[in-house]
Amino acid sequence: MNRLLHIVRFPVALVAAASLLVACSNSESPAGGDKGGDASKQITLGFSQIGAESEWRTANTTSVQSAAKEAGINLRFSDAQQKQENQIKALRSFIAQRVDVIAFSPVVETGWETVLREAKAAQIPVILTDRAVQVSDESLYLSLIGSDFVEEGRKAGRWLTEYYATGAGKDVKGEIKIVELQGTVGSAPANDRKKGFAEIIGADERFKVIRSQTGDFTRAKGKEVMEAFLKAEGRNINVLYAHNDDMAIGAIQAIEEAGLAPGKDIIIISIDGVKGAFEAMIAGKLNVTVECSPLLGPQLMEAVKKVAAGETIERRIVTEESVFPMETAAEVLPTRKY
Ligand code: GYE
């Protein structure tokens, strides 16, 4: 089956937009104070995590915690339960504790200027992991380590257009009606995955997104919103595009409860590539998952060590990712690390 050949490896792109000088000032240590220059001193990293909303997130937390341990970095970890205000509080507390480096995965893109200015004033360098922020002053953080979410959306769109181009969905006459489960409102992956997907399917007028709503990246909300979509559209839905696997898995339950066959009556595309998605694909209920790696811990610790040593790091570190169609799932599942 030629879809087996569809595992596309994308090269690691290390984009150095600008080689930033790591030190915020001309002091020996980016953290300022008395921490500079002493290589033997243990580094303290404050990490503010979004929450535990998905399989992806829990794998990301494990990756950060175990990589810190391995690197001998003293990790102060804080879980924000998907609330920006909790993240801001955590960042302020890291500043008050004068940690050496702050890293965080911002739940939404906007609203960070003030707290990031406070970190800068305290000369504590900040690294973003996973999600981007929108700030007018780019010097407020050193680097973003994570995926290219627009490209993930494009990969989802390309899989879908190819699927219909090969005649697989030939029984669908006329418009191909898509419902979309968006991630957290205002988050980088929700904004970008929507954009990348729309860019690709927008080139063919047969594809129509008939409903699009947030499921906040969770199974429970994915199910709830899919129930509402089914209630409103009946058997009208051809495709579900979910911005993560957990929402797709929740939606699969809703589809089955409505008496339809997920993966057949409704084609399902999602993003992340967690084990739950592979199991759903093996069961024939999910058609494809676009990989988004949560295993950012080792890259983060490497960057933290460099920053603490006053070295420069890349402005943008993009992770390596693939696309896994249903036909590859049984073969690939044993090799999955999350
Ligand atoms: O896709 C989703 C998680 O920011 C890439 O957040 C991450 C997303 C991931 O909750 O499952």
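Heads up: the structure comes first, above all this text.
Read on for an overview of the structure. Treat the numbers as computed from the prediction; the structure is a model and nothing was measured.

Things to note about the overall build of the protein chain
No. 1: A count of helical and extended segments in the protein chain gives ten helices and 13 strands.
No. 2: Across the 338 residues of the protein chain, 54% fall into the buried class.
No. 3: Long-range contacts, defined here as pairs at least 24 residues apart, represent 75% of the contacts in the protein chain between residues at least 6 apart.
No. 4: With the model as given, the accessible surface of the protein chain reaches about 14300 Å², and the carbon-plus-sulfur share is 51%.

Quick look at the sheet that holds strand β8 (residues 207-214)
No. 1: Spatially, the six strands line up as an open sheet ordered β8-β7-β9-β10-β11-β13, and their pairing is mixed. Each edge of the open sheet is held by one strand with a lone partner, namely β8 and β13 (323-325). Direction aside, the axes of adjacent strands within the sheet are offset by 15 degrees on average.
No. 2: As paired elements, strand β10 (residues 267-272) and strand β11 (residues 288-291) share four bridges and run parallel to each other. Paired with isoleucine 269 across the two strands is valine 288, which belongs to β11.
No. 3: Sheet strands touched by helix α8 (residues 275-282): β11 and β13. Its angle to β11, the strand with the most contacts, is close to 155 degrees.

Regarding α8
No. 1: Here α8 has its buried residues at Gly276, Ala277, Phe278, Ala280 and Met281.
No. 2: The inward-facing, buried residues of α8 abut α1 (55-71), α7 (245-257), β11, β13 and α10 (329-332).
No. 3: A positive backbone phi angle near 80 degrees is found at glycine 284, which sits one or two residues after α8.

Looking at the pairing of strand β9 (residues 239-242)
No. 1: Here β9 shows a buried face lined by Val239 and Tyr241 and a second buried face lined by Leu240 and Ala242.
No. 2: With four bridges joining them, strand β7 (residues 176-182) and β9 adopt parallel strand pairing. Note on β9: the bridge partner recorded for glutamate 180 is tyrosine 241.
No. 3: Sheet topology note: the β9/β10 ladder contains three bridges and is parallel. Following the sheet pairing, valine 239 is matched in β10 by isoleucine 267.
No. 4: Note on the crossover from β9 through α7 to β10: the handedness is right-handed.

Concerning the environment of glutamine 82
No. 1: Structurally, glutamine 82 is set in the loop between β3 (74-79) and α2 (84-96).
No. 2: A sequence separation of 26 residues divides glutamine 82 from valine 108, and the C-alpha atoms of the two residues are 9.3 Å apart.
No. 3: A polar contact of 3.3 Å, which involves the side chain of glutamine 82, links it to the backbone oxygen of aspartate 216.

Considering helix α5 (residues 188-201)
No. 1: Taking 1.5 Å of rise per residue, the 14 residues of α5 would be expected to cover 20 Å, and the 20 Å separating its terminal C-alpha atoms lies within 8% of that figure.
No. 2: Those residues of α5 lying buried are Ala188, Pro189, Ala190, Arg193, Gly196, Phe197, Ile200 and Ile201.
No. 3: At its buried positions, α5 is contacted by α4 (149-165), β7, β8, β9 and β10.

With respect to the pattern of salt bridges
No. 1: In total, this model carries 23 salt bridges according to the counting rule given.
No. 2: Between lysine 120 and aspartate 137 there is a salt bridge, with the nearest N and O atoms lying 4.0 Å from each other. With lysine 120 in helix α3 (residues 113-121) and aspartate 137 in the loop between β5 (126-129) and β6 (143-146), the pair connects residues that are 17 residues apart, well separated along the chain.
No. 3: On the basis of relative accessibility, which here comes to 35%, the residue lysine 120 falls in the partly exposed class.

Details of empty space enclosed by the protein
No. 1: A full pass over the atoms with the stated rule returns one cavity of 30 Å³ or more.
No. 2: If you add up the space inside the largest cavity, you get close to 110 Å³.
No. 3: Along its surface, the largest cavity is lined by 14 residues, and Trp56, Arg57, Arg131, Arg193 and Asp272 are the ones closest to its centre.
No. 4: Taken together, the residues of the lining of the largest cavity sort by class into five nonpolar, three polar and six charged.

Thoughts on unusual backbone geometry
No. 1: Even without being glycine, arginine 98 reaches a positive phi, approximately 55 degrees.
No. 2: Counting through the fold element by element, arginine 98 comes out in the loop between α2 and β4 (101-104).
No. 3: Taking the relative accessible area as the measure of exposure, arginine 98 reaches 36% and is therefore partly exposed.
No. 4: Even without being glycine, aspartate 272 reaches a positive phi, approximately 135 degrees.
No. 5: Of note, aspartate 272 is situated in strand β10.

Let's talk about the nonpolar core
No. 1: Core analysis: the biggest nonpolar cluster contains 80 residues, and Ile102, Trp112, Leu160, Tyr164, Met226, Ile266 and Ile269 have the highest contact counts within it.
No. 2: Two domains each donate at least three residues to this core, and these are domain 1 (40-147 + 294-320) and domain 2 (149-292).
No. 3: Non-local contacts of tryptophan 112, meaning those with residues more than four positions away in its chain, are made with Gln84, Gln87, Ile88, Leu91, Phe104, Pro106, Val107 and Val133.
No. 4: Ranked by size, the runner-up nonpolar core spans 19 residues in total, among them Ala68, Ile73, Val101 and Ile313.

Conventions and cut-offs
Residues numbered from 1 in each chain as written. Predicted model: local features only at pLDDT ≥ 70, side-chain atom pairs only at ≥ 80, totals over all residues. Heavy atoms only, no water. Helix = DSSP H or I, 4+ residues; strand = E, 2+ residues; numbered from the N terminus. Buried < 20%, exposed > 50% of the residue type's maximum accessible area, 1.4 Å probe, protein only. Contact = heavy atoms within 4.5 Å. Areas by Shrake-Rupley, 256 points an atom, 1.4 Å probe, with all protein chains shown as cover. Pairing = 2+ DSSP bridges. Axes fitted to C-alpha atoms, helices over the stretch in contact; angles between N-to-C directions. Right-handed = clockwise from strand over helix to strand, strands pointing away. Polar contact = N/O pair within 3.5 Å; in protein donor to acceptor, adjacent residues only side chain to side chain. Expected span 1.5 Å × (residues − 1). Salt bridge = Lys/Arg side-chain N within 4 Å of Asp/Glu carboxyl O. 1 Å grid on protein atoms, 1.4 Å probe; cavity = no way out; pocket = protein on both sides within 12 Å on 5 of 7 lines; lining within 4 Å. Points joined across faces, edges and corners; volume = space filled by probe spheres on them. Nonpolar A, V, L, I, M, F, W, Y, C, P; charged D, E, K, R; others polar. Core = buried A, V, L, I, M, F, W, Y, C linked by side-chain atoms within 4.5 Å. Domains from an automatic or database assignment.

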